Amino acid sequence: MSHPGRYFSALPDGRIRCEVCPRYCALHEGQRGFCFVRAREGDGIVLTTYGRSSGFCVDPIEKKPLNHFLPGTPVLSFGTAGCNLGCRFCQNWDISKSREMDTLADAASPEHIARAAVRAGCKSVAYTYNDPVIFLEYAVDVAQACRAAGIRNVAVTAGYICDEPRREMYRHMDAANVDLKGFTESFYKNVCFGQLGPVLDTLRYLVHETSVWVEITTLLIPGVNDSDAEVDALSAWVARELGPDVPLHFTAFHPDFKMLDRPPTPPATLSRARRIAMGNGIRYCYTGNVHDEEGGSTRCPGCGEIVIGRDWYLLTAWRLDAEGRCLGCGATLPGVFKGGPGRWGPRRAALRIAPS
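Residues numbered from 1 in each chain as written. Predicted model: local features only at pLDDT ≥ 70, side-chain atom pairs only at ≥ 80, totals over all residues. Heavy atoms only, no water.

Trainee: Before we move on, can you summarise the sheet that holds strand β5 (residues 38-41) with the specific residues and values?
Mentor: The pairing of strands in a sheet happens through backbone hydrogen bonds and is either parallel or antiparallel. Strand order in this open sheet of 3 strands is β1-β6-β5, and the pairing throughout is antiparallel. The strands lining the two open edges of the sheet, one partner per strand, are β1 (3-4) and β5. Sheet topology places β5 next to strand β6 (residues 44-47); 4 bridges connect them, and they run antiparallel. What sits directly across from Ala 39, in β6, is Val 46. (Pairing = 2+ DSSP bridges. Helix = DSSP H or I, 4+ residues; strand = E, 2+ residues; numbered from the N terminus.)

Below, the structure written as C-alpha cells:
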C-alpha cells in the first residue's frame, strides 16, 4: 500500500528527513514518523495510507465548521489514520491516533471519490477527521479528480505544515477551516506537542496569498485556554493580522482522550469569548457544539439584521440574494454564497464507496 511521498531529504548520518511538517522526523530504514503514516522505505519517504480511508460520510458543511461557504449544502467527508500533532484533548482520537491499519476499512481511488460525491449531490469534499497534511499526496490527487468533476475541496486542518507542501496542497483547495488550538507556545508545546508559529504562518499565507476561503476554529477548554486574556490576544491577532472578515468559531470541549479531568465547556464561556472577539473587531464570530441561535447566526455587515439564521447545523433563516447580498440593504456578505442555500440540513449519512 506504499505510495511515493514528496518533500524529504537525505541527512549526512544516513537518515531521511521528512519535510512535510515542522517535526522534520529523521528516519532510519523501516521507521515511521510521529504521524505514523509516513515512513522510510529505501532512500525515500512513502505514504502508507494512500487510497484507504477510515470511512466516508455526507455531512452538513456547517459541521466543518464553515458558515460562509455554500451554506446548507452536503459535503462528502473522509479521513485516513494518524496525525502530526498529539493533542491531549483530541475529539477524533480513535482515528487520529490509530495504529491499526484495519481502521482503514474503506478503499477508494481519487476518481471513485469524485464520482461518489457527484452521485450523492455533494457540492464539496472535505479532508477531515484527521489532518490532510499527513496524507498530502492522496488529498491532492483526490482534489484534482474532484475539481475535474465540478466538486470543490475543503481542508479541515491544524495548519501544521511546511511552506513548500503548504503551497502545493492549497493550490487545490477552495476552503479551509484551520484549528487555532490556543494562543500560547506553552499550550502548543505541552498540550498539542507542537508549535504555534507554523500555524500562524499557515493562516497568514492562506488569507494573504491565496483565494482559499478561510475560517478559524478554537476549542475552548475550561481552565486551559479559555481565559479572557488568551481569547483577547487570539482574537486581536486575527483582526489585526488577517482582517475582521475572517470568521472565528469558538466551540465547546467535552472530556475525551487524555483530558478526562476537565468539565465540558459552559455555554456562557463561548458567549463571553464571542463578546471579546467582537469587541476586538471580529465581524463574524460564532459559538459551536451548543444550541445558540444568536451565536450561530450571521448578521449583515451593513444593516445588522440576521441574514443567515442557524441553530446548530440547521438553517433557520435566509435573507441573501443569489450573489450573497443582503435583501434588506444590499451589502455583500464575505464568503461563497452564489446560488442560494442548500437544503441538506443537519443530517449525517454514512457512504460506502466501491474500491478501485
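Trainee: How would you summarise the nonpolar core if you had to cite specific residues and measurements?
Mentor: In terms of nonpolar packing, the biggest core is built from 88 residues, with Phe 78, Phe 89, Ile 113, Tyr 127 and Leu 180 touching the most fellow members. Element by element, the count of residues in this core is highest for helix α3 (residues 136-148), at 8 residues. Residues contacting Ile 113, with those up to four places away along its chain left out, are Phe 56, Leu 76, Phe 78, Ala 108, Val 125, Tyr 138, Val 142 and Ile 353. Among the nonpolar cores identified, the runner-up in size contains 11 residues, and Ile 61, Phe 69, Ala 175 and Val 336 belong to it. (Core = buried A, V, L, I, M, F, W, Y, C linked by side-chain atoms within 4.5 Å. Buried < 20%, exposed > 50% of the residue type's maximum accessible area, 1.4 Å probe, protein only. Contact = heavy atoms within 4.5 Å.)

Trainee: Now, about the packing of helix α4 (residues 163-170) against helix α6 (residues 197-209): what can you tell me, with residues and values included?
Mentor: Between α4 and α6, whose axes approach to 11 Å, the crossing angle comes to 40 degrees. Between α4 and α6, the angle is such that the two are oblique. Where α4 crosses over α6, the handedness of that crossing is right-handed. Where α4 approaches α6, its residues Arg 166, Arg 167 and Tyr 170 are matched on the opposing element by Pro 198, Asp 201, Thr 202, Tyr 205, Leu 206 and Glu 209. In terms of residue class, the contact of α4 with α6 is made up of 4 nonpolar, 1 polar and 4 charged. (Axes fitted to C-alpha atoms, helices over the stretch in contact; angles between N-to-C directions. Parallel < 35°, antiparallel > 145°, perpendicular 65-115°, else oblique. Left-handed = near helix turned anticlockwise from the far one by under 90°. Nonpolar A, V, L, I, M, F, W, Y, C, P; charged D, E, K, R; others polar.)

Trainee: Please give an account of unusual backbone geometry that cites residues and values.
Mentor: Residue Pro 65 follows Lys 64 across a cis peptide bond; omega there is -15 degrees. The phi dihedral of Leu 70 falls on the positive side, at around 50 degrees, and the residue is not glycine. Looking at the element boundaries, Leu 70 is found in the loop between β8 (55-60) and β9 (74-79). Overall, the relative accessible area of 9% leaves Leu 70 in the buried class.

Trainee: How would you summarise the pairing of strand β13 (residues 175-179) if you had to cite specific residues and measurements?
Mentor: Burial analysis of β13 places 4 of its 5 residues in the buried class, the great majority of the element. Examined bridge by bridge, strand β12 (residues 152-157) and β13 share 4 bridges and lie parallel to one another. Across the sheet, Ala 155 pairs through a bridge with Ala 176, a residue of β13. Where the polypeptide runs from β12 across α4 and back to β13, its parallel neighbour, the crossover connection is right-handed. Two elements, β13 and strand β14 (residues 213-220), share 5 bridges in a ladder whose sense is parallel. By the bridge assignment for β14, Ala 176 is matched with Val 214. (Right-handed = clockwise from strand over helix to strand, strands pointing away.)

Trainee: Outline the environment of Gly 33, supporting the account with residue identities and numerical values.
Mentor: Within the secondary structure, Gly 33 is located in the loop between β4 (26-27) and β5. Judged by its relative accessible area of 13%, Gly 33 is buried. Sequence-wise, Gly 33 and Arg 23 are 10 residues apart; in three dimensions their C-alpha atoms are separated by 8.8 Å.

Trainee: Outline the pairing of strand β16 (residues 285-288), supporting the account with residue identities and numerical values.
Mentor: The two faces of β16 match: Cys 285 and Thr 287 on one face and Tyr 286 and Gly 288 on the other face are all buried. For the crossover from strand β15 (residues 248-252) across helix α8 (residues 267-279) to β16, the handedness is right-handed.

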